[in-house]
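Listed below are the residues making up each chain.
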Amino acid sequence: MGLGQRPLARTVDVTVASVARMYDFLLRGKDNYPADRAACEALLDVTPDAVALVEAQRAFSLSTVDRLATQHGVRQFLDFGCGLPTWVNTHQVAQRAHQDSRVVYIDKDPMVVAHGRVLLDGDGSTAVVQGDLLESDELFGRPQVGELIDFDSPVAVLMTSVLHCVRDDELPAAAVRRLLDRLAGGSFLVLSQWVSENPGIRKRVAQVMHRSTVGSWGQVRTRAEVEGFFDGLVLEDPGLTDISAWAREGRTTAEQSTGLCEYGGVGRVQR
């Protein structure tokens, strides 16, 4: 995610680091450039556990999709800030549980959209659209979204590693609330973002990311701030926690070693 008030980019600038391509590099992908790799090196200097954080986010996202599909019967998914395709993606996990599952991937990055459309070409149960969480009213008017997603039935909305790319002055909590207000009862919000209780760490990480991406980033938050995004929702076990707890019980968390971790959970919409 980037800055909601800026127009969506239509071309790829490989001289400026992209959060999506940085994640691709940290996940040992091939769709990244020197600017992205340099940004990752700068990030690793201030948070050596960045690779573990990104791996935990991916595991959390896929494990929550599996849980919602298999245990709650969810068949519709909106994946915000989906990033570049990896070895396993949301639609593959969802359709493993229910072959008729439908997934709409949403990202601001034009390279993500282009790669995703190549991957999913001809698949009538998935779509990739360029859009912004902060402008969901416009996004939900897109034909690709309306053709695949029935908002009168439960939908799982994924926002993993998205909101730390949005600043407070862009009102991310209001954007989340507008989106949730559209959803039927029994829908779910899957949300995670980087957190630290140490203001020095929050500042250093933000400085590196803002400098590397030329401002297309947001901020590290506190746990209490992330809890606010789930106001009014019923939390699934294990509640709001370091997301590595979802996939790797007993693992030494990144927070214990660097003061930074990814904090999140799954909330159910009640009507």
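The rules we used
Residues numbered from 1 in each chain as written. Predicted model: local features only at pLDDT ≥ 70, side-chain atom pairs only at ≥ 80, totals over all residues. Heavy atoms only, no water. Helix = DSSP H or I, 4+ residues; strand = E, 2+ residues; numbered from the N terminus. Buried < 20%, exposed > 50% of the residue type's maximum accessible area, 1.4 Å probe, protein only. Lys, Arg positive; Asp, Glu negative; His and termini not counted. Salt bridge = Lys/Arg side-chain N within 4 Å of Asp/Glu carboxyl O. Polar contact = N/O pair within 3.5 Å; in protein donor to acceptor, adjacent residues only side chain to side chain. Contact = heavy atoms within 4.5 Å. Core = buried A, V, L, I, M, F, W, Y, C linked by side-chain atoms within 4.5 Å. pLDDT = per-residue confidence, 0-100. Pairing = 2+ DSSP bridges. Right-handed = clockwise from strand over helix to strand, strands pointing away.

Draft legend 1. Main features of the side chain of D79. Relative to the elements of secondary structure, D79 occurs in strand β1 (residues 76-80). The charged side chain of D79 is buried without a salt bridge, its nearest counter-charge being R58 at 5.5 Å. Side chain to side chain, D79 and T90 meet in a polar contact 2.7 Å long. With residues near it in sequence (within four places) discarded, D79 still touches T90, V104, Y105, I106 and L158.

Draft legend 2. Spatial organisation of the nonpolar core. With 35 residues, the main nonpolar core has L78, F80, V157, M159 and L189 as its most contacted residues. Counting residues per element, this core draws most heavily on helix α8 (residues 172-181), at four residues. Setting aside residues no more than four positions away along its own chain, F80 makes contact with I106, L133, L139, V157, L158, M159, V162 and L179. Of all hydrophobic cores here, the second largest spans 27 residues; its members include F77, Y105, V113 and W246.

Draft legend 3. Fine view of the confidence of the model for the protein. Residues of the protein with pLDDT of at least 70 account for 91%, and the chain-wide mean is 90. Per-element averaging of pLDDT across the protein places helix α12 (residues 254-258) at the bottom with 51 and strand β4 (residues 156-160) at the top with 98. Low pLDDT, under 50, characterises residues 1-5; the predicted model gives this stretch 24 contacts beyond four residues in sequence or across chains. Confidence drops under a pLDDT of 50 for residues 249-256, and excluding neighbours within four residues, the segment shows 13 contacts in the predicted structure.

Draft legend 4. Just the pattern of salt bridges, in detail. This structure, assessed with the given rule, holds nine salt bridges. Across the pair D100 and R75 runs a salt bridge whose closest N-O atoms are separated by 3.2 Å. A residue pair is termed long-range when its members are at least 10 positions apart, and D100 in the loop between α4 (90-97) and β2 (102-107) and R75 in the loop between α3 (50-72) and β1 qualify at 25 residues. On the basis of relative accessibility, which here comes to 34%, the residue R75 falls in the partly exposed class. In this structure, the salt-bridge partner of R167 is D169, at a minimum N-O distance of 2.8 Å. In this structure D169 comes out as exposed when scored by relative accessible area, which is 56%.

Draft legend 5. Quick look at the pairing of β2. Summarising burial for β2: five of the six residues are buried, a large majority. Relative to β2, β1 is paired through five bridges, and the arrangement is parallel. Residue pairing across strands places D79 opposite Y105, the latter belonging to β2. This β-α-β element, β1 to α4 to β2, shows right-handed connectivity. Pairing between β2 and strand β3 (residues 126-130): five bridges, direction parallel. Opposite Y105, over in β3, you have V128 as the bridge partner.

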